[in-house]
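Remarks on the overall topology
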Amino acid sequence: MQYFRPDSLEPALDWLVEYDACIAAGCTDLFPATTAQKLAGPVLDLTAISELRGISQDDQVWRFGATTTWTDVVRADLPPAFDSLKLAAKEVGSIQIQNTGTLAGNLCNASPAADGVPCWLTLNAQVELQSKGATRTLLLSSFITGPRKTELRRGEIVTAILVPKSSAVGKSSFLKLGARKYLIISIAMVAARICEEDRLISEVAISVGSCNAVAQRLSEVEKHLLGKPLSADTTIQITDAMMADVLQPIDDLRSDAAYRRDAAGELVRRCVGGLVPERSMAV
Ligand SMILES: Cc1cc2nc3c(=O)[nH]c(=O)nc-3n(C[C@H](O)[C@H](O)[C@H](O)COP(=O)(O)OP(=O)(O)OC[C@H]3O[C@@H](n4cnc5c(N)ncnc54)[C@H](O)[C@@H]3O)c2cc1C
């Protein structure tokens, strides 16, 4: 089997021109997806490319390198807008999975149950893709096109996930429901990010994952919340009807569609409710 583990990006991109390779990072999705003893080659292993790992920022964006692990996210010093991502990171599999699994692997695998996706959607994240001699950037909402389907082209590597500084504001949260508390794939999960100005909601992003085939933003719920005080009352008024147009829950071994619909609605209310400031709790 052809196996290549370069220590910089350039030779990796050159290699992809020659070989239609399986790109491997933490392999925590790749290995469970095969019953073979080895991955079918050729395999391009990204884990020695240091420029692909780490979190940085400039005037415009926060940049999360493709092979940044979930543990890297948990340990990073990030503004509260990324609390949802940190909460998701702590619930991806086990510590061992978090030490190995990468941010881009989670997106490229395009599982409906990928915990990172709803968090990135609330942050208006973009996916940076590089091939030999070219770089393009796609909104995450355009990158994942279906279950296990993405816009990744032959010869491309996801090199980073970018979050515009203008979206890295406000506070955020994440809630996940599984059949048990630990080491579990989500039945449904919700991420919410909210900004307040003069005690009114000035910006809001809410998304649900593991419900539809691809995680979705809830535009009706966002419209309902915009301009209102962030209070327990406003949260209680979030109805399932506001999500009905968007949520088309899947039936699978983890849950049927009806349970998913109920669970998602309740998770949305609890996730937003968790962001209500204490001043608004007083009766
Ligand atoms: C026991 C267990 C529990 C898990 N629990 C959870 C969970 O709770 N929540 C959750 O969301 N996930 C979970 N996962 C799935 C997995 O750990 C994550 O999705 C992880 O982030 C995948 O990253 P990886 O680096 O291991 O991906 P890999 O397995 O290396 O790759 C996954 C896919 O992405 C492609 N790929 C990887 N990197 C790139 C790149 N830079 N450019 C282009 N293509 C790329 C690969 O070709 C492959 O198709 C679990 C997995 C296991 C084994």
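Here we summarise the structure given alongside this text. The model shown is predicted, which means the values in this text are computed figures rather than measured ones. (Residues numbered from 1 in each chain as written. Predicted model: local features only at pLDDT ≥ 70, side-chain atom pairs only at ≥ 80, totals over all residues. Heavy atoms only, no water.)

Things to note about the sheet that holds strand 10 (residues 157-164)
- Strand order in the open sheet made by the five strands is 4-5-10-6-7, with antiparallel pairing throughout. Pairing within the sheet leaves two strands with one partner each, and these edge strands are strand 4 (55-57) and strand 7 (134-139). For this sheet the average axis-to-axis angle between neighbouring strands, irrespective of direction, equals 25°.
- Pairing between strand 4 and strand 5 (residues 61-65): three bridges, direction antiparallel. By the bridge assignment, S56 is partnered in strand 5 with R63.
- Docked against the sheet, helix 1 (residues 9-18) engages strand 6 (126-131) and strand 10, running at close to 125° with respect to strand 10. (Pairing = 2+ DSSP bridges. Helix = DSSP H or I, 4+ residues; strand = E, 2+ residues; numbered from the N terminus. Axes fitted to C-alpha atoms, helices over the stretch in contact; angles between N-to-C directions. Contact = heavy atoms within 4.5 Å.)

Some remarks on the site of the ligand
- In the vicinity of the ligand there are 33 residues, among which I23, G26, T28, D29 and T102 approach most closely.
- Residue D29 places a side-chain N or O atom 2.6 Å away from an oxygen atom belonging to the ligand.
- A distance of 2.9 Å is found between an oxygen atom of the ligand and a side-chain nitrogen or oxygen belonging to W70.
- Across the complex, the protein chains shield 88% of the 980 Å² of accessible surface that the ligand would expose by itself.
- Put simply, the parts of the chain that give the shell around the ligand at least two residues each are strand 2 (22-24), helix 5 (103-108) and strand 10.
- With four residues, the top contributor of residues to the shell around the ligand is helix 5.
- Class assignment of the residues belonging to the shell around the ligand gives a composition of 21 nonpolar, eight polar and four charged. (Near = heavy atom within 4 Å. Polar contact = N/O pair within 3.5 Å; in protein donor to acceptor, adjacent residues only side chain to side chain. Areas by Shrake-Rupley, 256 points an atom, 1.4 Å probe, with all protein chains shown as cover. Nonpolar A, V, L, I, M, F, W, Y, C, P; charged D, E, K, R; others polar.)

Description of the sheet that holds strand 11 (residues 171-177)
- Taken in spatial order, the four strands make up an open sheet running 11-12-13-14, and their pairing is antiparallel. Both edges of this open sheet fall to strand 11 and strand 14 (216-217), since each of them pairs with a single strand only.
- As judged from the nine bridges shared by strand 12 (residues 188-197) and strand 13 (residues 200-209), these two strands associate in the antiparallel manner. Bridge assignment links A191 to a residue of strand 13, and that residue is S207.
- Its contacts with the sheet put helix 3 (residues 83-91) on strand 11 and strand 12, and the angle it makes with strand 11 is roughly 30°.
- Each of strand 11, strand 12 and strand 13 touches helix 11 (residues 257-273); the most contacted strand, strand 12, lies at about 30° to it.

With respect to the nonpolar core
- Core analysis: the biggest nonpolar cluster contains 39 residues, and F64, F82, W120, L140, F143 and V163 have the highest contact counts within it.
- At four residues, the largest contribution of residues to this core is made by helix 6 (residues 116-122).
- When residues no more than four places from it in sequence are discounted, the contact partners of W120 are F64, L85, L103, L107, A125, L140, I161 and V163.
- A192, I201, C211 and M243 belong to the second largest nonpolar core, which has 25 residues in total. (Core = buried A, V, L, I, M, F, W, Y, C linked by side-chain atoms within 4.5 Å. Buried < 20%, exposed > 50% of the residue type's maximum accessible area, 1.4 Å probe, protein only.)

Keep in mind that these numbers describe shape and distance, not what the molecule does.
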